[in-house]
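# Reading the structure
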Number of protein chains: 2
Amino acid sequence: MAEILNISRKEQIVNVAAKLFKQKGFVATSMRDLAAELGIEAASIYYHFKSKEELLEKICFDMADKFITNAKEVNDIYFNAEEKLKMAIKLHVETITENQNQSSVFLSEWRNLSEPKLKLFRQLRQQYENQFTIILADGEKEDIFDDVDKKFAVLSILSTINFINEWYKPEGKMNANEIADKLSYFIMGGLRKRLVTDR
Amino acid sequence: MAEILNISRKEQIVNVAAKLFKQKGFVATSMRDLAAELGIEAASIYYHFKSKEELLEKICFDMADKFITNAKEVNDIYFNAEEKLKMAIKLHVETITENQNQSSVFLSEWRNLSEPKLKLFRQLRQQYENQFTIILADGEKEDIFDDVDKKFAVLSILSTINFINEWYKPEGKMNANEIADKLSYFIMGGLRKRLVTDR
DNA sequence: GCCATTGCCTAACGAATGTTAGGCAAAATT
DNA sequence: AATTTTGCCTAACATTCGTTAGGCAATGGC
């Protein structure tokens, strides 16, 4: 029982931290800001977490785990490369829209990590990017995708699907699935008008 | 003469500031960090600038001006929408690669501006985005581009061409023009393989 | 009913922050 | 030659920062 309460309080702190880190940035958010939002004193946070950075680490690595797990699942389960890419984009967009604050921190505030966690984090990011590289390579083999510069393409794709994090509002007219569909369409087809003979 | 020296010292401070703001972030960069890099004392900076924020403002608004001027020129001079988009992308990439530090600050650190400058900055960003919206609308009229959701497409395009700021290194194998070409190709054509009959 | 744990508190610390005041030498101006 | 301006300095300020120490009331299991 005490254990349960403890966990839920910890989660509450992490959530509020993510919200403030997104809003003002990690460095500009003080432990006192955080405590005020929680209705407690700054010192009390140290009962649950041993430092401010531990909060950042928790958020960044939890999200990294989510993204990687999703991408690996896609690469394991789905068959066709186009289907895989669509699914990976869909899950990515869903993860961002369902965890807006934490995603923001994952995407923008990770550079405030200090070594050796910083290095570890970069490796996880790389792992995630690799999953996309695999999909593109599959697509090329299947003769579905163009023979593009993989690294370049992966970074372009990720930058595009990450950017929704800066403007997506849950009350907006598009839901996560609609956004993912549009993004997939745009990424695969581009802007240029296609002839009817084109696939 | 004094005037010239003064200006050049001011510029030197701005350049170092941009470098550190990119490296560590605006909030995490102290006036003492800045001074140390310049080989002077923190207090001495206040002879040239009246506050830390003034440095941020200078960088953000100077870059905003560059981007907007470029885009407006493109929209004035070039005729065809595809040509316009290519040119706008090219100039954007050039501006980023030629001003890496300042561009980083423009793209990521502007949110540390405080009102009323923050509001003004947002308006300038909007102005820039609008120039791209115009190009897309032109392209649609000319039946070159798909009938895409303009706001969505503009944000996707900008996020893609902005992301190079995070990985571009001058010593890399691609120069600004090659990057711009690849980006244009990707943005307009997407990933999917086109048939020969396609334009 | 006793005791340990939980979850918070107050108070304080040393360090770092942005900024100001006042001074001083060299250079530019007159 | 006298005077002003430039560009920096030292010293200090009030504030804020992350964090620690120690205490105290409520809650849990025994």
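Everything discussed here concerns the structure shown above.
Attention here is on the structure that accompanies the text. Please read these numbers as outputs of a predicted model, since none were measured by experiment.

### Observations regarding the overall build of chain A
- For chain A, the helix and strand inventory stands at nine helices and zero strands.
- Each helix and strand of chain A, placed in order from N terminus to C terminus, yields the pattern α-α-α-α-α-α-α-α-α.
- Dimensions of chain A, computed from the C-alpha atoms along their principal axes, are close to 65 × 40 × 35 Å.
- Residue burial in chain A is summarised as follows: out of 199 residues, 52% are buried.
- The contacts in chain A between residues at least 6 apart in sequence include a share of 69% that link residues at least 24 apart.
- Put simply, chain A shows about 10,000 Å² of open surface, and 52% of that area lies on carbon and sulfur atoms.
- Treating the 29 positive side-chain charges of chain A as one cloud and the 31 negative ones as another, the clouds have centres 4 Å apart.

### With respect to the protein's contact with DNA strand C
- Near DNA strand C there are 21 residues, and of these Glu41(A), Ser44(A), Tyr47(A), His48(A) and Tyr46(B) occur at the shortest range.
- What you see for DNA strand C is that sugar and phosphate hold 58% of its atoms within 4 Å of the protein.
- Separating a phosphate oxygen of DNA strand C from a side-chain N or O atom of Arg9(A) is a distance of 3.0 Å.
- Contacts to DNA strand C include His48(A), whose side-chain N or O atom sits 2.7 Å from a phosphate oxygen.
- Secondary structure elements with two or more residues in the surface near DNA strand C: α1 (2-24) and α3 (42-48) of chain A together with α2 (31-38) and α3 (42-48) of chain B.
- Among the residues making up the surface near DNA strand C, the classes are represented as nine nonpolar, seven polar and five charged.

### A few points about the environment of Asn112(B)
All names here are of chain B.
- Position of Asn-112 relative to the elements: it lies in the loop between α6 (100-109) and α7 (117-141).
- Classification of Asn-112 as buried rests on a relative accessible area of 17%.
- Spatially, the C-alpha atom of Asn-112 lies 7.3 Å from that of Phe-26, the residues being 86 residues apart in sequence.

Reading the values: rules and limits
Residues numbered from 1 in each chain as written. Chains lettered and ligands numbered in written order. Predicted model: local features only at pLDDT ≥ 70, side-chain atom pairs only at ≥ 80, totals over all residues. Heavy atoms only, no water. Helix = DSSP H or I, 4+ residues; strand = E, 2+ residues; numbered from the N terminus. Buried < 20%, exposed > 50% of the residue type's maximum accessible area, 1.4 Å probe, protein only. Contact = heavy atoms within 4.5 Å. Areas by Shrake-Rupley, 256 points an atom, 1.4 Å probe, with all protein chains shown as cover. Lys, Arg positive; Asp, Glu negative; His and termini not counted. Charge placed at Lys NZ, Arg CZ, Asp CG, Glu CD. Near = heavy atom within 4 Å. Polar contact = N/O pair within 3.5 Å; in protein donor to acceptor, adjacent residues only side chain to side chain. Nonpolar A, V, L, I, M, F, W, Y, C, P; charged D, E, K, R; others polar.

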